[in-house]
Amino acid sequence: MKFHLTAPLLLVALVLYGCKSAEQKKREEINQRLFPKINQLIDEKNYTTAIETLRQAFAEDVLNPQIYPVLFRLLATIEKVDFIAGAIRDVSNFLIQKNKLPPDATPEYPPLIEAIEKNLNQLDPQQRIAIIRGLALYPAPWTFELIKAKIKDPVRDVRQAAVTALAANPTDAVLPILKEATKDEWWFVRAEAVSGLGRYRDESTPRSFKQKLEVIDHLFAMLHDVDSTVRYAAENGLLTLTTEKTKSHFDAVFRQGDEIKKRVAAICLASFQKPEVTAFLISTLPKVQDKDTQARIIRALGLSRDSQALPLLRSLLNQTDRDVRGEAIVALGLQADQQSLGRLQMIARDNNEPLEIRRAAQMAVGQITQALIQEQRQRQTSPSSSP
């Protein structure tokens, strides 16, 4: 029987078989009879039989603490993290139904939590990572604490998995953890933490808005990280955190920050149509050698909708660099530059052009054409056009 058919039955057994409050002697007999066998089956990679035997253990004594280490070892070994989360959920529901927990409580069932914690400390790294991913699918205060504890794991891949799990939902409680993780020695951990900080969008209360500004300052600091991936993640985060409410904060960095911070602040502010920002980006582009930075500046000039950027963007259509030309085409489409329409139509039809360049030109032509249609409609409906 395949795992994806048997595992749901395993989880359903948590509810179907009920709680058998066995005496200690019976529990010890079950432990001696079943669990050595299950562990041997896991070692032999005979997962189907291991599942069936574990289901038998559930049927005989669902609250047996020995069940949970084996359950999580089995599911982590197979790396079916959705079933790990399902097992946690079903154990919790079972305990609530049996009045072991109030309906609004988190499943603070010590054997379950102790078993997971033991596995997170003793299993091999890949199995610990699978359990962390499973815990992340069941968000609760106690799962948060278990994942949080692995931020300092000696194995870097485990730390990365823990940071990734927490970064997916950067709540107020998570922010300090992510900030601390940006000091990790491994760039991958730092990049995941930075990405998580960039997902903090809350500005609904004075406190949350203050925290958001602190996150923005932290991401600006991370622009000086030694690793390019971390720097790129920080810039991505800053772009997503630029709003009407935060733009004055970005403006202050643009006016007072160092060269790198000023450039990134300008890219973030471009869509707010500030002439001084556009002028700065125009003067900065020739000095930049990094391809990703060039692309972001060109795209920002398109988003600026500022006509002072058009001569530069039009000139970039003559560049031999495919990436630069592609970004210039996109930017001219964002600007809805009517003067570039004929040139873009030629590029879109030129079979000698790379496919991605032709597609970008087709999209830009569509944007410019749509802008022309809207402009014509406005002229027809304006009072001055009436007889």
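Here, every reference points to the structure presented above.
A brief report on the enclosed structure follows.

## Considerations on the packing of helix α17 (residues 291-303) against helix α19 (residues 322-335)
Running from N to C, α17 and α19 cross one another at 15 degrees; their axes reach a closest spacing of 7 Å. In this view, α17 runs roughly parallel relative to α19, as classed from their interaxial angle. As for how α17 packs across α19, the hand of that crossing is right-handed. Together, K291, Q294, A295, I298, R299, L301, G302 and L303 of α17 and D323, V324, E327, A328, V330, A331, L334 and Q335 of α19 make up the contact between the two elements.

## Concerning the side chain of T242
Residue position: T242 is located in the loop between α13 (228-240) and α14 (247-256). A relative accessible area of 15% means that T242 is categorised as buried. Reaching out from T242, the side chain makes a polar contact with the backbone oxygen of L238 at a distance of 2.7 Å. With residues near it in sequence (within four places) discarded, T242 still touches F250, C268 and F272.

## Quick look at the side chain of R190
Of note, R190 is situated in helix α11 (residues 187-197). A distance of 3.0 Å separates the side chain of R190 from the backbone oxygen of D184, its partner in a polar contact. Of note is the side chain of R190, whose polar atom sits 3.2 Å from the backbone oxygen of E185. If we ignore the near neighbours within four places in the chain, the residues touching R190 are A181, T182, K183, D184, E185, D225, V226, D227 and V230.

## Some remarks on the packing of aromatic side chains
When we look at a pair of aromatic rings, we describe it by the centre distance and by the angle of the planes. One pass over the full model with this rule turns up five aromatic pairs. In this structure an aromatic cluster arises from ring pairing among W186, W187 and F188. Residue placement shows K262 over the ring face of F254; its charged tip is 5.3 Å from the ring centre. A cation over an aromatic ring shows up here: R296 above the ring of Y232, its NZ or CZ 4.1 Å from the ring centre.

Parameters and conventions
- Along each chain, the written sequence defines residue order, and numbers are assigned to residues from 1.
- It should be noted that, the model being predicted, local features are given only for residues of pLDDT at least 70 and side-chain atom pairs only at 80 or more, the latter also being counted only at that level, while totals for whole chains, interfaces and linings use all residues.
- Side-chain measures were taken over the full set of non-hydrogen atoms in the model, leaving aside hydrogen atoms and water.
- Between the N-to-C directions of two axes lies an angle of 0 to 180 degrees, each axis being a line fitted to C-alpha atoms and, for a helix, fitted only over the stretch in contact.
- Helix and strand definitions here come from DSSP, where helices need a minimum of 4 consecutive H or I residues and strands a minimum of 2 consecutive E residues; each element is numbered from the N-terminal end.
- Between 65 and 115 degrees an angle is taken as roughly perpendicular, under 35 as roughly parallel, over 145 as roughly antiparallel, and anywhere else as oblique.
- Left-handed is the label given to a crossing in which the near helix is rotated counterclockwise from the far helix by less than a right angle, and right-handed is the label when the rotation is clockwise.
- The contact criterion used is simple: two residues touch if any of their non-hydrogen atoms lie within 4.5 Å.
- Here the term buried applies to any residue with accessible area under 20% of the maximum for its type, exposed to any over 50%, and partly exposed to those in between, with areas from a 1.4 Å probe on protein chains only.
- Whenever a nitrogen or oxygen atom comes within 3.5 Å of another N or O atom, the pair is scored as a polar contact, on the condition that within protein one atom can donate a hydrogen and the other can accept it, and that pairs from neighbouring residues in sequence are kept only if both atoms are in side chains.
- Pairing of aromatic rings covers Phe, Tyr and Trp, the last through its six-membered ring, and needs centres within 6.5 Å; plane angles under 30 degrees mean stacked, over 60 mean edge-to-face, and all others mean tilted.
- Here, a charge over a ring is recorded when the distance from Lys NZ or Arg CZ to the ring centre is within 6 Å and its angle to the ring normal is within 35 degrees.

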